[in-house]
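Structure assessment
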Amino acid sequence: MTRLTRMAAPLAVLPLLFACSAGSADADGSSSPSGDEAAVSSELWTPEPGTDWQWQLIGEVDTSVDVPVYDIDGFENDAAVVEELHARDVRVICYISAGAWEDFRPDADEFPEEILGEPNGWPGERWLDVRALDVLEPIMAERFDMCADKGFDAVEPDNMDAYANDSGFDITAEDQLAFNRMIADLAHARGLSVGLKNDLDQIPELVDDYDFAVNEQCFEWDECEALTPFVEAGKAVFHAEYNVPTEEFCPTTTALRLSSLLKNLDLDVWRETCPAAA
């Protein structure tokens, strides 16, 4: 979750997203997709605008919410949770931090100290130097392999706008675009759809690379119209507010066809959703 400042259809058929292997390792240690993986990319799930969802990143996942999409922590949930949701024809998104280091993750020691930047506002987290593509690519490939191995349908890579924050590094918009496109390619190579998290200013450049968007607080910050390119492309925008009641933001975000929720900031099970559009 990057903003403290603040920084779907049902599963009629599960495509062969998880039948492919994790790919082979290149000489530099990064993973490359196998031929089967490349073929899968044409079958990627693209949720439609307005698709309802649940976003829960802490606590035991309550799998009973009657929605077609869940977004849950990739490290903290095993394949059994994904399988349980799939049994109800629910698509499942794997939350992974891509642009920030978290000291509590099992692979934290794989990140060299020199690419760890300033704190991003969350305990135990620091921005990453996303210019270090050769270092970050194999680490992120392993994380996305984990998501694919657990059966997830998609990934939500977080902290995708270091260039617009005080990261401790001289990261340009072009550096960020290169990193964000690498992340999208890694996900697609593993048969995973991928959502663009926040990074509103780069939506025009990235909408074709991503299959949906995930946004925090666009209403509070008067930014929701910036997400229109995803809706116009037939791709869902999964949106959450934390500080504004639904009666204030729902008329605007429903008209824009966003999939809006009111959530607690820690993203526990509680949710309040907008009324269905007439």
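Data block above holds the structure.
Predicted, not measured: the structure shown is a model, and the values here were computed from it. Residue positions are given per chain, counted from 1 along the sequence in the order it is written. With the structure being a predicted model, the display of local features is reserved for residues of pLDDT at least 70 and the display and counting of side-chain atom pairs for 80 or more, all residues being used for whole-chain, interface and lining totals. With hydrogens and water stripped out, all remaining heavy atoms of the structure feed into the side-chain values.

**Re the overall build of the protein**
Test applied: Segments assigned H or I by DSSP are reported as helices when at least four residues long, segments assigned E as strands when at least two residues long, and all are numbered from the N terminus. Only protein chains enter the calculation, and the probe is 1.4 Å; a residue is then buried if its accessible area is under 20% of its type maximum, exposed if over 50%, and partly exposed in between. Note on areas: Shrake-Rupley, 1.4 Å probe, and residue coverage restricted to the protein chains presented here.
Along its length, the protein carries seven helices and 14 strands. Considering the protein as a whole, with its 278 residues, one finds that 57% of them fall into the buried category. Accessible area of the protein: about 11300 Å², with a carbon and sulfur share of 49%.

**A short note on the sheet that holds strand β5 (residues 91-97)**
The line we're drawing: Each pair of strands is called paired provided DSSP finds at least two bridges between the two strands. Whenever a helix is involved, its axis is fitted only over the stretch in contact; in every case the axis is a line through C-alpha atoms, and angles between N-to-C directions fall within 0 to 180 degrees. Only heavy atoms enter the contact rule, under which two residues are in contact if any of them lie within 4.5 Å.
The strand order across the open sheet formed by nine strands is β3-β4-β5-β9-β10-β11-β12-β13-β14, and the pairing between neighbours is mixed. Each edge of the sheet is formed by a strand with only one pairing partner; in this case those strands are β3 (54-56) and β14 (271-273). Averaged over all adjacent pairs, the angle separating strand axes in this sheet is 25 degrees, with direction ignored. Bridge analysis of strand β13 (residues 259-263) against β14 gives three bridges, and the strand direction is antiparallel. When the bridges of β14 are listed, K263 appears paired with R271. Strand contacts of helix α4 (residues 173-189): β9 (154-158) and β10 (193-197), with the helix running at about 155 degrees to β10, the strand carrying the most contacts.

**Here we look at the nonpolar core**
Among soluble globular proteins, nonpolar side chains are generally buried collectively. We apply this condition: The term nonpolar core refers to a set of buried residues drawn from Ala, Val, Leu, Ile, Met, Phe, Trp, Tyr and Cys, joined through side-chain atoms within 4.5 Å.
Among the nonpolar cores identified, the biggest contains 60 residues, and Y70, F111, I183 and Y210 are the most heavily contacted of them. Looking at this core element by element, the count peaks at eight residues for helix α3 (residues 133-149). In contact with Y70, not counting residues within four places along its chain, are Q54, V61, D62, T63, S64, V65, L85, R88, V90, R91, V92 and I93. Membership of the second largest hydrophobic core comes to 16 residues, among which are W53, Y95, A236 and Y242.

**Topic: the environment of I115**
Secondary-structure assignment places I115 in the loop between β6 (100-102) and β7 (116-119). Between the C-alpha atom of I115 and that of R131, which follows or precedes it by 16 residues, the distance is 8.9 Å. If we ignore the near neighbours within four places in the chain, the residues touching I115 are W127, L128, D129, A132, V135, L136 and F169.

**A word on the pattern of salt bridges**
Heads up, the rule is: Salt bridges, as used here, are contacts in which a Lys or Arg side-chain nitrogen is within 4 Å of a carboxyl oxygen on Asp or Glu.
Tallied over the entire structure, the rule returns 13 salt bridges. Of the charged contacts, one joins R105 and D73 as a salt bridge, the two residues approaching to 2.7 Å between their closest N and O atoms. Remark: D73 occurs in strand β4 (residues 69-73) and R105 occurs in the loop between β6 and β7; sequence separation between them is 32 residues. Like D73, R105 is buried.

**Considerations on the state of the cysteines**
Where we set the bar: Any cysteine sulfur atom paired with another within 2.5 Å is treated as part of a disulfide.
Scanning the entire structure with this criterion turns up three disulfides. Between the sulfur atoms of C94 and its disulfide partner C147 the distance amounts to 2.1 Å. As the torsion about the S-S bond is roughly -60 degrees, the C94-C147 disulfide counts as left-handed. Within this pair, whereas C94 is found in strand β5, its partner C147 is found in helix α3, the two being separated by 53 residues in sequence. By relative accessible area, which is 0% here, C94 ends up buried. Classification of C147 by relative accessible area gives buried; the value is 0%.

**Focus: the sheet that holds β7**
Overall, antiparallel pairing links the three strands, which are arranged β6-β8-β7 in an open sheet. Taken across any chain shown, the strands that pair with only one partner, and hence form the sheet edges, are β6 and β7. Across the sheet, the axes of successive neighbouring strands diverge by a mean angle of 40 degrees, strand direction being ignored. Two strands pair when backbone bridges link them, and β6 and strand β8 (residues 125-128) are joined in this way by three bridges, in the antiparallel orientation. Note on β8: the bridge partner recorded for E102 is E125.

**Overview of helix α2 (residues 79-86)**
Note the following rule: Think of the arc as the fan of directions from the helix axis to the C-beta atoms. Think of a polar contact as two N or O atoms within 3.5 Å of one another; within protein, one of them needs to be a possible hydrogen donor and the other a possible acceptor, and neighboring residues in sequence only count if both atoms come from side chains.
Buried residues of α2: V81, V82, L85 and H86, and no others. The buried residues of α2 all sit within an arc of 135 degrees when viewed along its axis, so they share a single face. Where α2 is buried, its residues contact β4 and β5. The distance from a side-chain oxygen at the start of α2 to the backbone nitrogen of A80 is 3.1 Å, and the residue carrying that oxygen is D78.

**Some points on the side chain of R105**
The buried category is assigned to R105, whose relative accessible area is 6%. Every residue in contact with R105, bar those within four places of it in the chain, is listed here: D73, F75, E76, Y95 and R143.

**Brief notes about the pairing of β8**
In this structure, β7 lies alongside β8, joined through two bridges in antiparallel fashion. Bridging across to β8, P119 finds its partner in R126. Taking the residues that link successive antiparallel strands as the turn, the β7-β8 hairpin has five residues, and the phi of G121 there is positive, at about 105 degrees.

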